[in-house]
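If you want the building blocks of each chain, they are given just below.
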Amino acid sequence: MHESQPSRTAYRVAVRRAAHQVVDQPPVFVDPLALRILRREDADRIQTDRAWADGHRFDRALRAFLAVRSRFAEDELAAAVARGVPQFVLLGAGLDTFAYRNPFADLRVFEVDHPATQTWKRERLAEGAIAIPSNVTFVSVDFESQTVSRELEAAGFDASAPAFFSWLGVTTYLTRESIRSTLRFVVTATSEAGGIVFDYATDPAALPLVARLTFDAMSRRVNAAGEPWQTFLEPFDLANELRTLGFTEIRDLGPEAINATYFAGRSDGLRVGSLGHVILAR
């Protein structure tokens, strides 16, 4: 991303999360703040222009995946809190709203993101009249040039206490070494009670022609926004690497498992596409 600008893709993700609340009924992921954190004109258009909010087939599949990954992460977080985890870290928080509707009074939340994106998020929160709770800490980090562990600990993160991490919509934009470095830190910063949920995309080379053309168009769009996709991962290789790093429990949901678990029996045909995975590692 451009050094002095907030993430454009983070806003596009937020728009799709908000559209999910209105267009897809029942929603897979419920977020009562999703519309409020948007610019007013976009929130109004989602509610008044259903065709625009729904978009085309690719928009629907991407929107479904964005909803599922947030649902999966927050479900696993709730399980971690029940195990006694007192800290939650959102790596690449973007416009995620969990911290502002957090139902766990004793859970400390650290939002980690690029400085420009965090400044912009605070503006969005203020405009949406969304209060920042006292148990929320903003941690500014550039994943490619700064150390997550150092910045987190400087912000008050307790590396000796259990923690749960959410890392959504980030890995595709990073180099493999940056991904590996972050996961290496996470495994040392979590206990058996903690863990991490993150998502990744598999190699698009195997996509059918029409899907590949759609993917290529989206790739050009994120390149133009200054946030190019860099890394695609394969489930078998990733699982082996996670075990090498020290994770012992790995649950990887690919497209078929996601659709069977979250979208079976829907009358609207909502389902995810063929590239995205969400994974729990503990």
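Notes on the structure follow. (Residues numbered from 1 in each chain as written. Predicted model: local features only at pLDDT ≥ 70, side-chain atom pairs only at ≥ 80, totals over all residues. Heavy atoms only, no water.)

### Observations regarding the overall build of the protein chain
(1) Moving on: Tallying secondary structure elements over the protein chain gives 10 helices and 7 strands in all.
(2) Moving on: In the protein chain, the share of contacts with a sequence separation of at least 24, taken over all contacts with a separation of at least 6, comes to 74%.
(3) Moving on: Accessible surface computed for the protein chain: about 12600 Å², of which carbon and sulfur atoms make up 52%. (Helix = DSSP H or I, 4+ residues; strand = E, 2+ residues; numbered from the N terminus. Contact = heavy atoms within 4.5 Å. Areas by Shrake-Rupley, 256 points an atom, 1.4 Å probe, with all protein chains shown as cover.)

### Let's talk about the pairing of strand 1 (residues 87-91)
(1) Moving on: The buried count for strand 1 comes to 5 of 5 residues, which makes it a mostly enclosed element.
(2) Moving on: Here strand 1 shows a buried face lined by Gln87, Val89 and Leu91 and a second buried face lined by Phe88 and Leu90.
(3) Moving on: In the sheet, strand 1 pairs with strand 2 (residues 108-113) via 5 bridges, with the strands oriented parallel. The residue of strand 2 that forms the bridge with Val89 is Phe110. (Buried < 20%, exposed > 50% of the residue type's maximum accessible area, 1.4 Å probe, protein only. Pairing = 2+ DSSP bridges.)

### Things to note about the packing of helix 7 (residues 176-189) against helix 9 (residues 235-245)
(1) Moving on: Look at helix 7 against helix 9: their axes get within 10 Å of each other, and the N-to-C directions meet at 45°. Here helix 9 runs oblique to helix 7, going by the angle between their axes. Handedness of the helix 7/helix 9 crossing: right-handed. Between helix 7, through Arg180, Leu183, Arg184 and Val187, and helix 9, the contact on the second element is made entirely by Glu241, Leu242 and Leu245.
(2) Moving on: Considered class by class, the residues forming the contact of helix 7 with helix 9 number 4 nonpolar, no polar and 3 charged. (Axes fitted to C-alpha atoms, helices over the stretch in contact; angles between N-to-C directions. Parallel < 35°, antiparallel > 145°, perpendicular 65-115°, else oblique. Left-handed = near helix turned anticlockwise from the far one by under 90°. Nonpolar A, V, L, I, M, F, W, Y, C, P; charged D, E, K, R; others polar.)

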